[in-house]
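One letter stands for each residue in the lines below.
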Amino acid sequence: MSISNITVFMPSVLTLIGIPGLETVQCWIGIPLCVMYLIAIIGNSMLLIIIRSECSLHEPMYIFVGMLGVTDIALATTIMPKMLGIFWFRVPDIYFDSCLLQMWLIHTFQGIESGILLAMAVDRYVAICYPLRHAAIVTHRLVTQIGAVVTLRAAFLVAPCLILIKFRFQFYHTTIISHCYCEHMAIVKLAAENIRVNKIYGLFVAFTVAGFDLTFITLSYAQIFSTVFRLPQKEARLKAFNTCIAHMCVFLQFYLLAFFSFFTHRFGAHVPPYIHILFSSLYLLVPPFFNPLVYGAKTKQIRIHVVKLFSS
């Protein structure tokens, strides 16, 4: 039997089934996810408004926080409307090209977020290890250039994933994606052709971005701790350490969720599919939800302006 008789040729529409095994309770699962999404949008929007309106917050550290807020809003908005459409309104179909676009946006925003976390770690390294030279080294122009490089790096590294799917595959085993959003490997596994190149390139992108960023983030914080613990006064050590607490919390939750999602998806053969899907969804939603809460609570300057905003 020919391949065209047992597969689908160049499908125009794909179907996202949501969370396999939990279809009957998806409408209830959508409620906490929607609450998290609304808190993420409101919290990050408030951060952006405060940073934009307060001249005292026009410093590199807070500009990076603002960049992270924009990325979080974009990432959450890329997945939540369609996800809630599946859970609440039974609208599982998505155009093939729209699915590829969603995949590209999701992984691009993930790469941008990782790059911003690296930039924040390096900024804290310069501020603590070379405090007198920080203003001269980390200028607004450099911050703008870092933002552009981080965005272009993510966009160009992820783009071949889209191209390899679009132009390499013509035949697919099925048009049903066992996921609630268009994830790279979830789409690749639909193909009825050799997917080795796509898998290798996907791993290359993951380890290039995460490996590079995680290595230099770890080195930056190692140097920071080394410098902080050598300070003679306890008050100075606490003050320097407090400037890093929020960044460390955000960094840890982002990468712990990322690695758990990555390894369970690729190597967790005995883990139920709904566990994979739930954790991969939380991996995309928890950082946008968590980041404004952390920076609002742990960063004194932002906390002061948040209180002032509510009191007024």
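Cut-off values and rules
- Residues numbered from 1 in each chain as written.
- Predicted model: local features only at pLDDT ≥ 70, side-chain atom pairs only at ≥ 80, totals over all residues.
- Heavy atoms only, no water.
- Axes fitted to C-alpha atoms, helices over the stretch in contact; angles between N-to-C directions.
- Helix = DSSP H or I, 4+ residues; strand = E, 2+ residues; numbered from the N terminus.
- Parallel < 35°, antiparallel > 145°, perpendicular 65-115°, else oblique.
- Left-handed = near helix turned anticlockwise from the far one by under 90°.
- Disulfide = S-S within 2.5 Å.
- Buried < 20%, exposed > 50% of the residue type's maximum accessible area, 1.4 Å probe, protein only.

> Sorry if this is basic, but what is going on with the packing of helix α2 (residues 26–53) against helix α3 (residues 60–89) here?
The geometry of α2 relative to α3 is characterised by a closest axis approach of 9 Å and an angle of 155 degrees between their N-to-C directions. Comparing the axis directions of α2 and α3 gives the class roughly antiparallel. By crossing handedness, the relation of α2 to α3 is classed as left-handed.

> Help me understand the state of the cysteines in this model?
In protein chemistry, a disulfide is the covalent bond that joins the sulfur atoms of two cysteines. In total, this model carries 1 disulfide according to the counting rule given. Paired through a disulfide, Cys99 and Cys182 show a sulfur-sulfur distance of 1.9 Å. Sign of the S-S torsion, about -115 degrees for the bond between Cys99 and Cys182, identifies this disulfide as left-handed. On the criterion of sequence distance, the pair formed by Cys99 in helix α4 (residues 96–129) and Cys182 in the loop between β5 (176–177) and α7 (184–188) is long-range, its members being 83 residues apart. The exposure classification of Cys99 matches that of Cys182, with both residues buried. With no disulfide of its own, Cys161 has Cys99 as its nearest cysteine by sulfur position, at a separation of 13 Å. Overall, Cys161 belongs to the buried group, its relative accessible area being 7%. This cysteine, Cys180, is not joined by any disulfide, and Cys182 carries the nearest cysteine sulfur, 10.0 Å off. Look at Cys180 and you get buried, because its relative accessible area is 0%.

These values are about where atoms sit, not about what they do.
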